[in-house]
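Okay, here's what each chain looks like letter by letter:
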Amino acid sequence: MLNFYTHINQLTPENRKRVFPMLFDWFYLEHPVVLEYFKLVNTLEEASVFILPIDVGYYFSNNKKNEVDSFIALAKENNKQVWIYSAGDFGITLNSNIITFRLGGFTSKMNNQTYILPSFVNDPYDTIYKKEWQPIVKEEKPTIGFVGNADGSFIKWSKEFLIYTKQQIKRLLKKDYSDSQSFFPSSSKRYKLLEKLKRNKGINATFIYRNKYRAGAVTREQKEKTTLAFYENIEQNLYIFCLRGSGNFSVRFYETLIMGRIPLLIDTDVRLPFHDTINWNEHCILATSENFVDKIIAFHKNHTTKELIEIQEKIGN
């Protein structure tokens with residue numbers, strides 16, 4: 001049991017979408033496993049850890065940074081550890097000696113007190129994809145899938161650069177406190193790398209390119225249709241191409257894992273969850289933008305049908 005202290009009064013209906021993830025399960029869902037391991041205490045002396053209740057970016061964006069500073073100072077005065085959650089594509093890096101949980105970032109810029117959380121996705125087998133899971137048997141050539149935003153046009157590149165420029169201006173004007181990063185036109189880069197896979201005769205590629213997020217779906221029917229096509233593509237291919245988006249992490253990576261398929265993840269200085277305890281090379285293919293084609297071919301060649309089925313079963317369970 002871990003005793004924690006937090007500002008319980010900030011766990012309101014309005015803050016539901018930006019609350020610290022563990023507190024979401026503890027307070028809003030009252031998940032029995034979380035309740036078993038985490039206990040709220042009222043006195044500072046009883047607490048093992050202080051948990052900032054809301055995404056740190058919310059405080060910064062609403063001129064409440066002083067609340068963050070006061071919370072950290074109170075914890076340090078009582079010799080307590082501090083946990084914070086930094087949400088969003090980019091996240092915020094604090095200089096204080098605290099534990100930070102975030103969705104992505106650059107591992108070369110993060111300290112050993114920064115932990116990556118997986119993207120929170122619902123199991124499609126419990127929601128939209130009404131089909132029993134089955135492993136894919138090894139074929140002569142690796143089969144790789146992708147459905148998503150990939151566009152090699154100059155117009156798309158220009159739009160991404162415009163979005164990046166606006167973000168940088170907001171940071172300069174102190175309207176956005178998230179970490180800055182170099183320009184990364186994700187849609188354009190995806191297209192170029194995917195085309196390399198398609199041109200290789202040793203690979204069977206099944207790609208569906210979209211020029212908008214979720215193919216621009218607006219209505220519920222459209223969203224269900226495009227979502228189903230997305231998961232059908234994952235289910236039908238042993239490997240799935242994964243590359244970061246605006247932030248330096250891939251939601252598709254976790255969607256692939258939950259479907260029991262093997263991600264081909266382009267390493268852009270990413271840090272994965274439990275990076276210091278999980279050997280991710282046993283569960284996915286980590287490659288660079290230079291060697292990813294050779295890596296998937298070699299991985300497929302060097303694993304038997306039994307081994308590939310075992311990998312799918314491990315990551316899907």
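Here's a quick rundown of the structure. (Residues numbered from 1 in each chain as written. Predicted model: local features only at pLDDT ≥ 70, side-chain atom pairs only at ≥ 80, totals over all residues. Heavy atoms only, no water.)

## A closer look at the overall build of the protein
- Secondary structure assignment for the protein yields 10 helices and 11 strands.
- For the protein, whose C-alpha radius of gyration is 21 Å, the value lies close to the compact-globule estimate of 20 Å for 317 residues.
- Each of the three principal axes of the protein carries a C-alpha extent, and together these read 65 × 45 × 40 Å.
- A total of about 17300 Å² of accessible surface is found on the protein, and carbon and sulfur atoms cover 51% of it.
- Seen as two clouds, the 42 positive and the 35 negative side-chain charges of the protein have centres 8 Å apart. (Helix = DSSP H or I, 4+ residues; strand = E, 2+ residues; numbered from the N terminus. Rg over C-alpha atoms; globule rule 2.2 N^0.38 Å. Areas by Shrake-Rupley, 256 points an atom, 1.4 Å probe, with all protein chains shown as cover. Lys, Arg positive; Asp, Glu negative; His and termini not counted. Charge placed at Lys NZ, Arg CZ, Asp CG, Glu CD.)

## Re the sheet that holds strand E7 (residues 143-149)
- The sheet built from 5 strands is open, its strands ordered E8-E7-E9-E10-E11 with parallel pairing. Single-partner strands in this sheet number two, and they are strand E8 (204-210) and strand E11 (285-287). Across the sheet, the mean angle separating the axes of adjacent strands is 20° when strand polarity is ignored.
- Relative to strand E9 (residues 239-242), helix H8 (residues 251-258) is tilted by about 165°, and along the sheet it contacts E7, E9 and strand E10 (262-266). (Pairing = 2+ DSSP bridges. Axes fitted to C-alpha atoms, helices over the stretch in contact; angles between N-to-C directions. Contact = heavy atoms within 4.5 Å.)

## A word on the packing of helix H5 (residues 154-172) against helix H6 (residues 186-199)
- Where H5 meets H6, the closest approach of the two axes is 8 Å, and the angle between their N-to-C directions is 145°. Listed contacts from H6 to Lys-156, Trp-157 and Glu-160 of H5 are Ser-186, Ser-187 and Ser-188.
- Within the contact of H5 with H6, the residues separate by chemical class into 1 nonpolar, 3 polar and 2 charged. (Nonpolar A, V, L, I, M, F, W, Y, C, P; charged D, E, K, R; others polar.)

## Brief notes about the side chain of Asp-55
- Take Asp-55: it is sitting in the loop between strand E3 (49-51) and helix H3 (56-61).
- There is no salt bridge for the buried Asp-55, and the closest opposite charge comes from Arg-18, which lies 7.3 Å off by N-O distance.
- With near-sequence residues (within four places) excluded, Asp-55 lies in contact with Arg-18, Tyr-85, Ser-86 and Ala-87. (Buried < 20%, exposed > 50% of the residue type's maximum accessible area, 1.4 Å probe, protein only. Salt bridge = Lys/Arg side-chain N within 4 Å of Asp/Glu carboxyl O.)

## Let's talk about unusual backbone geometry
- Its identity as a non-glycine residue notwithstanding, Asn-63 has a phi of 55°, on the positive side.
- One can find Asn-63 in the loop between H3 and helix H4 (65-77).
- Asn-63 sits in the exposed class, given a relative accessible area of 69%.
- The backbone of Asp-269 shows a phi angle near 65°, a positive value even though the residue is not glycine.
- With respect to the helices and strands, the residue Asp-269 is situated in the loop between E10 and E11.
- Judged by relative accessible area, Asp-269 falls into the partly exposed class, the value being 26%.

## Section: the pairing of strand E1 (residues 2-5)
- With 3 bridges connecting them, E1 and strand E2 (residues 38-40) associate as parallel partners. Considered in E2, the bridge of Asn-3 is made with Lys-39.

## Let's talk about the pattern of salt bridges
- Scanning the entire structure with this criterion turns up 5 salt bridges.
- For Asp-69, the salt bridge goes to Lys-65, with nearest N and O atoms at 3.1 Å. One end of the pair is Asp-69 and the other is Lys-65, both in helix H4 and 4 residues apart, which spans about a single turn.
- Asp-69 sits in the partly exposed class, given a relative accessible area of 38%.

## A closer look at the pairing of E7
- The buried fraction of E7 is high, at 7 of 7 residues.
- Relative to E8, E7 is paired through 7 bridges, and the arrangement is parallel. Its bridge partner being in E8, Gly-145 is matched across the sheet by Thr-206.
- Note: E7 against E9, 2 bridges, orientation parallel.

## Thoughts on the environment of Glu-140
- Here Glu-140 lies in the loop between strand E6 (114-116) and E7.
- On the accessibility criterion, Glu-140 (76% relative accessible area) is exposed.

## Overview of the packing of helix H7 (residues 220-235) against H8
- With their axes 10 Å apart at the nearest point, H7 and H8 run at an angle of 60° to one another. It follows from the interaxial angle that H7 and H8 lie oblique. Once H7 is placed against H8, the crossing between them reads as right-handed. Facing H7, whose interface residues are Phe-230, Tyr-231 and Ile-234, H8 presents Arg-252, Glu-255 and Thr-256.
- Counted by class, the contact of H7 with H8 contains 3 nonpolar, 1 polar and 2 charged residues. (Parallel < 35°, antiparallel > 145°, perpendicular 65-115°, else oblique. Left-handed = near helix turned anticlockwise from the far one by under 90°.)

## Some points on the state of the cysteines
- The tally for this structure, following the rule as stated, stands at 0 disulfides.
- Cys-242 takes part in no disulfide bond, and the closest cysteine sulfur, belonging to Cys-284, lies 8.6 Å away.
- Cys-242 sits in the buried class, given a relative accessible area of 0%.
- By relative accessible area, which is 1% here, Cys-284 ends up buried. (Disulfide = S-S within 2.5 Å.)

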